[in-house]
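Next come the chains, spelled out residue by residue.
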Amino acid sequence: MRNQELIGYQENLELLIRKKNFLQKALTTAYDAEKQFALTLQIEDLEKQIAGLKERVDETARHITQITIGNNSHNNLIISGVSHSTVTVQNNQVQLDSLSQKLDVLSTEINEMRVENAQHKTDILQGQKAMNDDLILAINGLTESQTLTILENMAAVFIEFEKEMDEKLLEQYQQIKSTSSLKTKLELSIPFIKMLGINFKTEFDVVGWANKMYERHELKIFKLFGAV
């Protein structure tokens, strides 16, 4: 039973490692800052799961070794099949040694990816700051009429997905609607509309939408959206 449990843990661990590697590759090619941030959070969550599962594997492997040694010590007192018991212990030890080597390799890979991920996170944050600074400058340069035009275009998108929003998105949406300042409303709407692009990617392409808005209105803020 414990051997099957150990095999199950090992298979799950290898699956999580493959999933993390896939997300890591996706992160290196992602151009959207919000998508990069979402991928980073998923990778961090997988790292925690991998670490926890590795502890379970180690604990189960130690338990199997203790049971095997205990059982064989008992059998040696009541039966003469010492040779068979010795072979069993040796086979188990070989399996455990092999598993330990695999875990060491996985641990090294995780540490290397953690360092790489930390650099990606730094790059993402720096890119987000630069983009946010440009957006704020663009917002401050808008007239009231232009601000209203942008908000009307965004409102049309919000209404389209309002029925599909989860509780977190609805809460932020209500905050945007309740804000009286047009500039503040626009500042809140920008990250929110990018979140819609992540949650409803198949239905709503933020970059494509922004490019169309720029062609229609020729306002710099839409051009910045298209570069996000």
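Structure: see above.
What this report covers is the structure whose coordinates are included nearby.

Reading the values: rules and limits
- Residues numbered from 1 in each chain as written.
- Predicted model: local features only at pLDDT ≥ 70, side-chain atom pairs only at ≥ 80, totals over all residues.
- Heavy atoms only, no water.
- Helix = DSSP H or I, 4+ residues; strand = E, 2+ residues; numbered from the N terminus.
- Contact = heavy atoms within 4.5 Å.
- Areas by Shrake-Rupley, 256 points an atom, 1.4 Å probe, with all protein chains shown as cover.
- Core = buried A, V, L, I, M, F, W, Y, C linked by side-chain atoms within 4.5 Å.
- Buried < 20%, exposed > 50% of the residue type's maximum accessible area, 1.4 Å probe, protein only.
- Phe/Tyr/Trp six-rings, centres within 6.5 Å; stacked < 30°, edge-to-face > 60°.
- Axes fitted to C-alpha atoms, helices over the stretch in contact; angles between N-to-C directions.
- Left-handed = near helix turned anticlockwise from the far one by under 90°.
- Nonpolar A, V, L, I, M, F, W, Y, C, P; charged D, E, K, R; others polar.
- Expected span 1.5 Å × (residues − 1).
- Arc of directions from axis to C-beta.
- Polar contact = N/O pair within 3.5 Å; in protein donor to acceptor, adjacent residues only side chain to side chain.

Here we look at the overall build of the protein
Point 1. Along the protein, the regular secondary structure elements total eight helices and zero strands.
Point 2. Counted from the first residue to the last, the protein has its helices and strands arranged as α-α-α-α-α-α-α-α.
Point 3. Nonlocal contacts in the protein, meaning residues at least 24 apart in sequence, comprise 72% of its contacts between residues at least 6 apart.
Point 4. Summed over all atoms, the accessible surface of the protein reaches about 14,000 Å², with 53% contributed by carbon and sulfur.

What to know about the nonpolar core
Point 1. Judged by nonpolar contacts, the single largest core of 31 residues is most densely connected at M154, L196, W209 and I221.
Point 2. Among the elements of the structure, α3 (82-140), α4 (144-161), α5 (167-178), α6 (182-199), α7 (206-217) and α8 (220-227) are those that each provide at least two residues to this core.
Point 3. Grouped together as the second largest cluster of nonpolar side chains are 16 residues, L39, I50, V57 and L103 included.

Observations regarding the environment of F37
Point 1. Structurally, F37 can be placed in helix α2 (residues 33-78).
Point 2. A relative accessible area of 37% means that F37 is categorised as partly exposed.
Point 3. Sequence separation of F37 and L27 is 10 residues, and the distance between their C-alpha atoms is 8.8 Å.

A few points about the packing of aromatic side chains
Any aromatic ring pair is given by two values, namely how distant the centres are and how the planes are angled relative to each other.
Point 1. The final tally for this structure, using the stated rule, is seven aromatic pairs.
Point 2. Between F158 and Y173, the aromatic rings sit 5.7 Å apart at their centres with planes inclined by 70°, giving edge-to-face as the arrangement. Of this pair, F158 sits in helix α4 while Y173 sits in helix α5, and the two are 15 residues apart along the sequence.
Point 3. On the basis of an interplanar angle of 15° and a centroid distance of 6.1 Å, the ring pair of Y173 and F192 is categorised as stacked. You can see Y173 sitting in helix α5 and its partner F192 sitting in helix α6, a full 19 residues away along the chain. The pair Y173 / F192 is uniform in exposure class, with both members buried.

A short note on the packing of α4 against α6
Point 1. Their axes nearest at 10 Å, the elements α4 and α6 cross at an angle of 35°. Crossing of α4 over α6 shows left-handed handedness. Touching E144, T147, L148, I150, L151, M154, V157 and F158 of α4 are L182, K183, K185, L186, S189, I190, F192, I193 and L196, all from α6.
Point 2. Among the residues forming the contact of α4 with α6, the class breakdown is 12 nonpolar, two polar and three charged.

Quick look at α7
Point 1. For α7, with 12 residues, the first-to-last C-alpha span of 16 Å sits near the 16 Å given by 1.5 Å per residue.
Point 2. E218 sits one or two residues past α7 and shows a positive phi near 55°.

Here's the deal with α5
Point 1. The end-to-end C-alpha separation of α5 is 17 Å, in line with the 16 Å expected for 12 residues at 1.5 Å each.
Point 2. Looking at α5, one finds that the buried residues are L169, Y173 and I176. The buried residues of α5 occupy an angular sector of 55° when projected down its axis, which confines them to one face. For α5, the exposed residues lying more than 90 degrees away from the buried face are E167, K168, E171 and S178.
Point 3. Looking at the buried positions of α5, the neighbouring elements they touch are α4 and α6.
Point 4. Capping the start of α5, D166 holds a side-chain oxygen 3.2 Å from the backbone nitrogen of K168, two or three residues further along.

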